[in-house]
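# Notes for the structure review
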Amino acid sequence: ILSGGRMILIIFRISSRAFFGAKSFDGTPLFLYLAHQAVHVGNKPVASHPEYALDQAPARYIEPYAWVADEHRRNLSAMVSALDESVANVTAALQAVGMWERTLLIFSTDNGGPVSQGASNYPLRGGKGTCWEGGARGIGFVSGGARNGLSDAVRGSETDAMVHVTDWLPTL
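To start, this report covers the structure provided alongside it.

### What to know about a nonpolar patch on the surface
Nonpolar side chains collect at one region of the surface, where Leu-30, Leu-32 and Leu-34 lie side by side and expose about 250 Å² of accessible area between them. Looking at where Leu-32 falls in the secondary structure, it is placed in the loop between helix H1 (16-20) and helix H2 (59-62).

In structure tokens:
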């Protein structure tokens, strides 16, 4: 979201009514794609790259990580906290309007994090932009309410199978 030429992270603190446009779910299907580009790199603004300020987490998220010595890692950790809060707020909003029970939540990443900018892909070797597993593999999960189409056989299960982001279209 741009405001005055500057990117601002919005963390769904707006009310569920404002976000979903209703106080309750009327049965109309909803596809919500929420791409959190904010958890990308943990850049601290420097003289040669003042635009890094656009990627900086708000101070209230950075302060709890004051003990983290590496500034990139500190900012990246703050970004992940903001992401966690956002997912919790969206989940709460879906519950508040009665949509959670029929929600299928897919949380995924496109690659490993950039280790030169505060990310850790441990125990995998390498990071974003490399051919090592730390650059190509990422985490993800599927969750949602009781009536979202997931069978009891797959609920709570884990897989180490190869999956690619393009697999979601034929799967869904």
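### Thoughts on the side chain of Thr-103
Of note, Thr-103 is situated in the loop between helix H3 (71-96) and strand E3 (104-108). In this structure the side chain of Thr-103 is engaged in a polar contact, spanning 2.6 Å, whose partner is the backbone oxygen of Met-99. Excluding residues within four positions of it along the chain, Thr-103 makes contact with Leu-94, Ser-143, Gly-144, Gly-145 and Asn-148.

### Some remarks on the nonpolar core
Within the largest apolar cluster, eight residues are counted, these being Ala-57, Tyr-61, Ile-62, Leu-76, Ala-78, Met-79, Ala-82 and Ala-119. Residue contributions to this core peak at four residues, all from H3. Aside from chain neighbours lying at most four places away, what touches Ala-119 is Arg-73, Leu-76, Gly-113 and Pro-114. One finds Val-90, Leu-94, Val-97 and Met-99 within the second-largest nonpolar core, a separate group that totals five residues.

### Describing the packing of aromatic side chains
Tallied over the entire structure, the rule returns one aromatic pair. When the ring of Phe-107 is compared with that of Phe-141, the centres are 5.1 Å apart and the planes differ by 15 degrees; the resulting orientation is stacked. One end of the pair, Phe-107, is in strand E3; the other, Phe-141, is in strand E4 (residues 140-144), with 34 residues separating them in the sequence. When the ring centre of Trp-132 is taken as reference, the NZ or CZ atom of Arg-125 above it lies at 3.6 Å.

Criteria and thresholds
- Residues numbered from 1 in each chain as written.
- Predicted model: local features only at pLDDT ≥ 70, side-chain atom pairs only at ≥ 80, totals over all residues.
- Heavy atoms only, no water.
- Patch = residues over 30% accessible without salt bridge, like charges linked within 9 Å, V, L, I, M, F, W, Y side chains within 5 Å.
- Areas by Shrake-Rupley, 256 points an atom, 1.4 Å probe, with all protein chains shown as cover.
- Salt bridge = Lys/Arg side-chain N within 4 Å of Asp/Glu carboxyl O.
- Helix = DSSP H or I, 4+ residues; strand = E, 2+ residues; numbered from the N terminus.
- Polar contact = N/O pair within 3.5 Å; in protein donor to acceptor, adjacent residues only side chain to side chain.
- Contact = heavy atoms within 4.5 Å.
- Core = buried A, V, L, I, M, F, W, Y, C linked by side-chain atoms within 4.5 Å.
- Buried < 20%, exposed > 50% of the residue type's maximum accessible area, 1.4 Å probe, protein only.
- Phe/Tyr/Trp six-rings, centres within 6.5 Å; stacked < 30°, edge-to-face > 60°.
- Lys NZ or Arg CZ within 6 Å of the ring centre and 35° of its normal.

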